[in-house]
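# An overview of the molecular structure
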Amino acid sequence: MKCNAYEIFFMNFANKTKLDIIYSLREGPLSVLEIAQKIGEEQSKISHNLRKMSECRLLNVEQRGKQRIYSLNRETVIPMLELVEKHVKTCCCAGGCSKLK
């Protein structure tokens, strides 16, 4: 059986909701409710996506009372996002990019 870890990993960045979650967490740790409000999605949809992203260790999860607080994996995800941002700004928007987050 072939391992599809790469496919699972990159699906986290190809899905608009998951990408919106990543962008919102770049500003700092947030609860499910805060993420849902910030990106304008249903809390259940956010929870489902957060679970998938946590399974791939893109996120760190901290329990604070009844709340789960999510943050980006500082060791791997944040440096990768910085590299992607550099690539996008220098290579992908040469022809005129209308929007960069």
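First things first, this report covers the structure right here in the doc.

## Looking at the sheet that holds strand β1 (residues 30–31)
The antiparallel open sheet is built from three strands, whose spatial order is β1-β3-β2. Where the open sheet ends on each side, the last strands, each with one partner, are β1 and β2 (59–64). Note that β1 and strand β3 (residues 67–72) share two bridges and pair antiparallel. Among the inter-strand pairings, Ser-31 is bridged to a residue of β3, identified as Ile-69.

## Here we look at the environment of Ile-22
By the secondary structure assignment, Ile-22 is in helix α2 (residues 16–25). What makes Ile-22 buried here is its relative accessible area of 1%. When sequence neighbours within four positions are dropped, the list of residues in contact with Ile-22 reads Asn-12, Phe-13, Met-53, Leu-72 and Leu-81.

## Remarks on the environment of Glu-82
Tracing the chain through its elements places Glu-82 in helix α5 (residues 77–92). When the C-alpha positions of Glu-82 and Ser-71 are compared, they lie 16 Å apart, and in sequence the two are 11 residues distant.

Criteria and thresholds
Residues numbered from 1 in each chain as written. Predicted model: local features only at pLDDT ≥ 70, side-chain atom pairs only at ≥ 80, totals over all residues. Heavy atoms only, no water. Pairing = 2+ DSSP bridges. Helix = DSSP H or I, 4+ residues; strand = E, 2+ residues; numbered from the N terminus. Buried < 20%, exposed > 50% of the residue type's maximum accessible area, 1.4 Å probe, protein only. Contact = heavy atoms within 4.5 Å.

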